[in-house]
Amino acid sequence: MPLTAAETAATHPARAVVDLDAIAANVGVLRAAAPGAATMVVVKADAYGHGLLPVARAALAGGAAWLGVAQLTEALELRAGLDRTPSAGRPPILSWIFPPGAPLGRALEAGIDLSASAPWAVHEIAAAARTAGRTARVHLEVDTGMGRGGARPEAFAELVAAALAARAEGTVDVVGIWSHLACADEPSNPATARQVEVFTAALAQAERAGLRPQLRHLAASAGTLFHPATHFDLVRPGIAVYGLSPAPEVAGSAALGLRPAMTLEARLTVVKAAPAGTPLSYGHTAVTTADTHLGVVPLGYGDGIPRAASGVGPLAVAGRRYHVAGRVCMDQVVVDLGPESAGVAVGDTAVLFGDGGDGGPTADDWARAVGTINYEIVTRLGCRVPRMHVGAAGMWEDA
Ligand SMILES: Cc1ncc(COP(=O)(O)O)c(C=O)c1O
């Protein structure tokens, strides 16, 4: 029999606490930043590690009109989960990745909007719609300078022609034209203005061909927060919804009015005295320099803690800042609590990152310490770590 939530909390010594009220409030901040546009909250990759369904519901409670995911599998899981919560409504969902031969009929039955980057994708969507006797809702993706998905401008006419042909037979409704920004996190980078120009030209080209979709969308978090000219009809923020800045060196969470939603914490499973000169963890890369106390924090690279955090990952115990001592193991890290730490006891809580409100470490601190971005710190958190959702937002009665 699976453990209940209370049993899991008592059994597993680590957890990620996700504040759904922070999610809803962050959506409010993003909506205010783009008042003329609707908001699609991006919940791909298990809502950046925060938990797909609770985050989706909190985002809707915070005023999101749309939900966005990358993979069709995520979209189907999301729709099925939301359909179990009738009071959450039936928001539109966009999914932007599928391979040739995917069972698109399943997407159409679930009312998922699909993206198409090339004629083959339009043909497969139209074929699925024909079989299902439905009209598929499609967003055409144009590559305005990201150099990733989307039809390059010189191939866009072909994509538009395929969409027009499918529309003429009634299998496809072109709901949107969209693209993605490459450098919006660098506010002075001229690439963003160039992408807006290319996007505007593609929209005009589509219109001349007879296509004027109701939704034009380009901006993710950085576009939403730093580039009003990218807002168009719909913005697609992800990282900022989770309270993290898309450009911490430009403006941190607090400066943007965002509250980091996730706190990663674990209870110390070992606290013991150790003399000066005690080598620590695999490879003995750290050695205690004084008589001290060691704490063991039961989180490791098997939970998504980067091994690159060996010797540098920050954490807080009883309000004091420490860092990981020695190498990160699969399930545990060691902390040298110092000679003054006699009050720390086994079972006390170590906070790896949180909202930083009490001067504690943040996901931004972890990203800086290990040379990555805050996106990776939260998203890579492993499925072994139980997520505990707190706050009232989106806690529908029928959830
Ligand atoms: C197409 C698309 N739109 C929006 C987002 C959300 O981006 P961000 O988390 O930077 O807001 C992503 C995420 O990478 C994406 O791939």
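Residues numbered from 1 in each chain as written. Predicted model: local features only at pLDDT ≥ 70, side-chain atom pairs only at ≥ 80, totals over all residues. Heavy atoms only, no water.

Labelled according to an unreviewed UniProt entry, the chain appears under the name Alanine racemase, originating from Georgenia yuyongxinii. Listed in UniProt under the heading Pathway (unreviewed entry), the comment for the chain reads: "Amino-acid biosynthesis; D-alanine biosynthesis; D-alanine from L-alanine: step 1/1." Its UniProt record gives the chain a comment under Cofactor (unreviewed entry), which states: "pyridoxal 5'-phosphate". (UniProt positions renumbered as here; feature names shortened; annotations may be inferred.)

Where do I start with the packing of aromatic side chains in this structure?
The description of an aromatic ring pair rests on the distance of the ring centres and on the angle between the ring planes. In this structure the tally under the stated criterion is 5 aromatic pairs. Geometrically, the ring pair formed by Y48 and Y242 is stacked, given 4.7 Å between the ring centres and 25° between the ring planes. In this pair, Y48 sits in helix α3 (residues 44–48) while Y242 sits in the loop between β9 (234–235) and α11 (253–256), placing the two residues 194 residues apart along the sequence. Taking relative accessible area as the criterion, Y48 reaches 8% and is therefore assigned buried. Residue classification places Y242 among the buried positions, given a relative accessible area of 1%. An aromatic cluster is built from Y48, Y242 and Y375, whose rings are joined through pairwise contacts. (Phe/Tyr/Trp six-rings, centres within 6.5 Å; stacked < 30°, edge-to-face > 60°. Helix = DSSP H or I, 4+ residues; strand = E, 2+ residues; numbered from the N terminus. Buried < 20%, exposed > 50% of the residue type's maximum accessible area, 1.4 Å probe, protein only.)

How should I be thinking about the domain arrangement of the chain in this particular structure?
In terms of domains, the chain is made up of domain 1 (34–241) and domain 2 (262–390). Here the C-alpha centre of domain 2 lies 39 Å away from the C-alpha centre of domain 1. Listed per partner, the contact involves 7 residues of domain 1 and 7 residues of domain 2. Taking both sides of the interface into account, the surface hidden between domain 1 and domain 2 amounts to around 680 Å²; carbon and sulfur atoms contribute 66%. On the surface where domain 1 and domain 2 come into contact, there are 0 salt bridges. Viewed at the interface, domain 2 and domain 1 are joined by 2 residue pairs in polar contact (both at pLDDT 80 or more). Considered class by class, the residues forming the side of domain 1 that touches domain 2 number 4 nonpolar, 3 polar and no charged. (Domains from an automatic or database assignment. Contact = heavy atoms within 4.5 Å. Buried area = accessible area lost by both parts, 1.4 Å probe. Salt bridge = Lys/Arg side-chain N within 4 Å of Asp/Glu carboxyl O. Polar contact = N/O pair within 3.5 Å; in protein donor to acceptor, adjacent residues only side chain to side chain. Nonpolar A, V, L, I, M, F, W, Y, C, P; charged D, E, K, R; others polar.)

Sorry if this is basic, but what is going on with the nonpolar core here?
Nonpolar side chains in soluble globular proteins tend to be buried together. Formed by 118 residues in total, the largest nonpolar core has its most connected members in V43, L67, L78, L140 and F156. Here the element with the most residues in this core is helix α4 (residues 52–61); it accounts for 7 residues. Counting residues domain by domain, this core receives three or more from each of domain 1 (34–241) and domain 2 (262–390). Beyond its immediate chain neighbours, meaning those up to four positions away, L67 contacts M40, V41, V43, A56, A59, L60, L78, L82, P91, P92, I93 and L94. Counting residues in each nonpolar core, the second largest holds 6 residues, with A274, L280, L294 and V334 among its members. (Core = buried A, V, L, I, M, F, W, Y, C linked by side-chain atoms within 4.5 Å.)

Would you mind showing me how to read the environment of G326 here?
Here G326 lies in the loop between β16 (320–325) and β17 (333–336). G326 gets classed as buried once you look at its relative accessible area, which sits at 4%. Along the chain, G326 and A127 lie 199 residues apart, while their C-alpha atoms are 57 Å from each other.

What am I meant to see in the pairing of strand β10 (residues 262–267) here?
Regular strands have side chains that alternate between both faces of the sheet. Where strand β1 (residues 14–19) and β10 come together, 5 bridges link them in antiparallel fashion. When the sheet's bridge partners are listed, R15 is paired in β10 with E265. Bridge count for β10 against strand β18 (residues 349–353) is 4 bridges, and the pairing is antiparallel. In the strand pairing of β18, A266 is matched with A350. (Pairing = 2+ DSSP bridges.)

I'm lost on the site of the ligand in this one. Help?
Looking at the ligand, there are 14 residues lining it, with K44, Y48, S221, G238 and Y375 nearest. Within the contact set of the ligand, an oxygen atom lies 2.8 Å away from a backbone nitrogen or oxygen of I239. Within the complex, the protein chains bury 91% of what would otherwise be the 390 Å² of accessible surface of the ligand. At a threshold of 2 Å from the grid points, most atoms of the ligand map onto the largest pocket. Split by residue class, the shell around the ligand holds 8 nonpolar, 3 polar and 3 charged. (Near = heavy atom within 4 Å. Areas by Shrake-Rupley, 256 points an atom, 1.4 Å probe, with all protein chains shown as cover. 1 Å grid on protein atoms, 1.4 Å probe; cavity = no way out; pocket = protein on both sides within 12 Å on 5 of 7 lines; lining within 4 Å. Sits in = over half its atoms within 2 Å of the grid points.)

Help me out: how do you make sense of the pattern of salt bridges in this one?
If charged atoms from side chains of opposite charge come close, those side chains can pair. Counted by the stated rule, this structure contains 14 salt bridges. The partner of D113 in a salt bridge is R137, and the shortest N-O contact between them spans 2.7 Å. Linking D113 in strand β5 (residues 112–116) with R137 in strand β6 (residues 136–141), this pair joins segments that are 24 residues apart in sequence. Given a relative accessible area of 1%, D113 falls into the buried group. By relative accessible area, which is 31% here, R137 ends up partly exposed.

Please clarify how the layout of surface pockets should be interpreted in this entry.
Which parts of space are left empty comes out when a probe the size of a water molecule is rolled across the atoms. Space inside the largest pocket adds up to approximately 730 Å³. For the largest pocket, the lining is made up of 36 residues, of which H180, I239, P246, I373 and Y375 are closest to its centre. Looking at the lining of the largest pocket, the elements that each hand over two or more residues are α3, α10 (221–226), α12 (363–370) and α13 (374–379). With 4 residues, the single largest contributor to the lining of the largest pocket is α13. Residues belonging to the lining of the largest pocket are distributed by class as follows: 21 nonpolar, 7 polar and 8 charged. Counting the residues that make up the lining of the largest pocket, at least three belong to each of domain 1 (34–241) and domain 2 (262–390). Considering only enclosed or pocket space, the second largest pocket measures out at about 250 Å³ in volume. As for the second largest pocket, its lining consists of 15 residues, and the residues nearest its centre are W96, I97, S117, E141 and G149. Taken together, the elements giving at least two residues each to the lining of the second largest pocket come down to β4 (93–97), β5 and α7 (119–132). Of the residues assigned to the lining of the second largest pocket, the class counts are 8 nonpolar, 4 polar and 3 charged. (Points joined across faces, edges and corners; volume = space filled by probe spheres on them.)

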